[in-house]
Amino acid sequence: MPDVPPSTLRLGLDEAALAANWRVLDAMSGTARAGAAVKADCYGLRVVRCLPVLRDAGCRDFFVAHWSEVESVLAYIPASQVSVLHGVFDAAQAAYARAVGVRPVIDSLHQARVWSESGGGRCDLMIDSGINRLGIAPSEIADPLVQSLDIQVLMSHLACADEDSAMNARQLAAFRAVIPHVAHREASLANSAGIALGADYHCDLTRPGLALYGGVPRSEFADTIRQVAYPEAALLQVRDVAEGATVGYNAAFTAPAPMRVGVVSLGYADGIMRSWAGAHFVHGDRRLPMLGKLSMDMIVVDLAQAPDLHEGDWVSLPYLLPDAARQTALSQYELLTVLGNRFG
Ligand SMILES: *Cc1c(COP(=O)(O)O)cnc(C)c1O
């Protein structure tokens, strides 16, 4: 097959910002060290691009969710540095974990039994301190199945760390009450937002995800966390639209006067959802407002401020996550993970 022509969309990745964000979070974690949540292909920003940067910045504790995510991260780091958050609920998963050498995060008594019966070995243990998602209850820790586990990281997960909620202190207290009663090597509670809750929440290891990739879950991060992802796309076409003509599906935009417009090679199939309607692209400091409905593969923009642009010129979508979240009513997490796989 001949080579595929270059893509008309790309995801700019500021590697220096990614590394700086990890270092900031590691420093904010005080005496604890920061790991990295790298699930969902590094929150949509690609393991192949982010993992080497995080590793070279000094990170050595990595968290994925699925067994299918393990292989891609093992291209960059040793198996002993990887935890799989969804754990092992059947023998096939346990056999895979042991063969590869990564640690399952044991999330229930059932999982503890599966892991032990398959031969056991080093694992992590998730305590449910109140989120009621995954994890064993504090009342279950005396169970011999739990007491016999060989636990590296004893962890729990905060439900409301991005808010000043009384729930944070309640979860901290519930987790602390468990710590003396389960043998383990290290304890871990804080996600990105939890790091800002203070030293009590840091334990031995923190598990930031969102803030590594430029998310700002609490105001404490506003001045220190840098944008990492920069979506860009080329214009497929420029065209003149007559006064009174309409643009796009359902004729949702009508030109109030003759207009010059551009067709951007980006759409909701790439994760630029219809809730972006009314926002703008930029070319340098010139704004190119979106017109009408966003399509699957295209977004039409007003070129009034940039009439010199033509086919093949690149435009950028402002993607500062707190601003983009306000604009679209999507969460900062969603804005990262929806970015589609057509980005180069
Ligand atoms: C995703 C995840 C994290 C990272 O959370 P952020 O809010 O993105 O920092 C940490 N711990 C667990 C258990 C997770 O599932």
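None of the values given here were measured: they were computed from a predicted structure. (Residues numbered from 1 in each chain as written. Predicted model: local features only at pLDDT ≥ 70, side-chain atom pairs only at ≥ 80, totals over all residues. Heavy atoms only, no water.)

Asks: Where do I start with the pattern of salt bridges in this structure?
Replies: For the coordinates displayed, the defined rule picks out 16 salt bridges. Ionic pairing is found between aspartate 164 and arginine 218, a salt bridge with its closest N-O pair at 2.6 Å. Taken together, the residues aspartate 164 in the loop between strand 8 (150-156) and helix 8 (166-178) and arginine 218 in the loop between strand 10 (205-206) and strand 11 (229-241) connect sequence positions 54 residues apart. Residue class for aspartate 164 comes out exposed when judged on its relative accessible area of 73%. Given a relative accessible area of 8%, arginine 218 falls into the buried group. A cluster of three or more residues bridged by salt bridges with shared partners is formed by Arg33, Asp61 and Glu186. (Salt bridge = Lys/Arg side-chain N within 4 Å of Asp/Glu carboxyl O. Helix = DSSP H or I, 4+ residues; strand = E, 2+ residues; numbered from the N terminus. Buried < 20%, exposed > 50% of the residue type's maximum accessible area, 1.4 Å probe, protein only.)

Asks: Help me out: how do you make sense of the layout of surface pockets in this one?
Replies: Think of a ball as big as a water molecule: rolled over the atoms, this probe shows where empty space is left. The volume enclosed by the largest pocket comes to roughly 610 Å³. Lining the largest pocket we find 28 residues, and of these Lys39, Tyr43, Arg133, His157 and Asn191 sit closest to its centre. Looking at the lining of the largest pocket, the elements that each hand over two or more residues are helix 2 (39-43), helix 9 (192-195) and helix 11 (332-337). The biggest single contributor to the lining of the largest pocket is helix 2, with 3 residues. Across the lining of the largest pocket, the residue classes tally to 18 nonpolar, 6 polar and 4 charged. Size it by volume and the second largest pocket reaches roughly 200 Å³. Together, 14 residues line the second largest pocket, and Arg239, Val247, Gly248, Val263 and Val300 are the ones closest to its centre. Here the lining of the second largest pocket takes 3 residues from strand 11, the largest share from any one element. (1 Å grid on protein atoms, 1.4 Å probe; cavity = no way out; pocket = protein on both sides within 12 Å on 5 of 7 lines; lining within 4 Å. Points joined across faces, edges and corners; volume = space filled by probe spheres on them. Nonpolar A, V, L, I, M, F, W, Y, C, P; charged D, E, K, R; others polar.)

Asks: Sorry if this is basic, but what is going on with the environment of proline 231 here?
Replies: By the secondary structure assignment, proline 231 is in strand 11. Proline 231 gets classed as buried once you look at its relative accessible area, which sits at 1%. Along the backbone, proline 231 and phenylalanine 343 are 112 residues apart, and their C-alpha atoms lie at a distance of 8.2 Å.

Asks: Honestly, the site of the ligand in this entry has me stumped. Any pointers?
Replies: Close contacts around the ligand come from 14 residues, with Lys39, Tyr43, Ser192, Leu210 and Tyr333 the closest. The side chain of lysine 39 places a nitrogen or oxygen atom 2.6 Å from an oxygen atom of the ligand. The contact in question runs from an oxygen atom of the ligand to an N or O atom on the backbone of leucine 210, over 2.8 Å. Considered on its own, the ligand offers 390 Å² of accessible surface; in the complex 93% of this is hidden by protein. (Near = heavy atom within 4 Å. Polar contact = N/O pair within 3.5 Å; in protein donor to acceptor, adjacent residues only side chain to side chain. Areas by Shrake-Rupley, 256 points an atom, 1.4 Å probe, with all protein chains shown as cover.)

Asks: What is the right way to read the nonpolar core from this model?
Replies: Across soluble globular proteins, you tend to see nonpolar side chains buried next to one another. Judged by nonpolar contacts, the single largest core of 100 residues is most densely connected at Val38, Leu45, Leu54, Leu125, Tyr213, Trp276 and Phe281. Examining the composition of this core, we find that 6 residues originate from one element, helix 3 (residues 47-57), more than from any other. Mapped onto the domain boundaries, this core takes at least three residues apiece from domain 1 (14-216) and domain 2 (229-318). Among all residues touching leucine 54, those that are not within four sequence positions of it are Leu18, Trp22, Ala36, Val38, Cys59, Phe62, Leu212 and Tyr213. (Core = buried A, V, L, I, M, F, W, Y, C linked by side-chain atoms within 4.5 Å. Domains from an automatic or database assignment. Contact = heavy atoms within 4.5 Å.)

Asks: What is the right way to read the packing of aromatic side chains from this model?
Replies: The relation between two aromatic rings is expressed through the spacing of the ring centres and the mutual angle of the planes. Within this structure, the stated rule accounts for 4 aromatic pairs. Between the aromatic rings of tyrosine 43 and tyrosine 333, the centroid separation amounts to 6.4 Å while the plane-to-plane angle is 35 degrees, which identifies the pairing as tilted. Placement of the pair is tyrosine 43 in helix 2 and tyrosine 333 in helix 11, with a sequence separation of 290 residues. For the ring pair tryptophan 67 and tyrosine 96, a centre distance of 5.9 Å and an interplane angle of 85 degrees mean the geometry is edge-to-face. (Phe/Tyr/Trp six-rings, centres within 6.5 Å; stacked < 30°, edge-to-face > 60°.)

Asks: What should I look at first to understand the pairing of strand 8 in this one?
Replies: As a general feature of sheets, a regular strand has side chains that alternate between the two faces. Counting buried residues in strand 8 gives 6 out of 7 residues, a clear majority hidden from the surface. As judged from the 5 bridges shared by strand 7 (residues 122-127) and strand 8, these two strands associate in the parallel manner. Bridge pairing links methionine 126 to methionine 155 in strand 8. Handedness of the crossover joining strand 8 and strand 9 (residues 186-188) through helix 8 is recorded here as right-handed. (Pairing = 2+ DSSP bridges. Right-handed = clockwise from strand over helix to strand, strands pointing away.)

It is worth stressing that arrangement in space is one thing and function is another; only the former is reported here.
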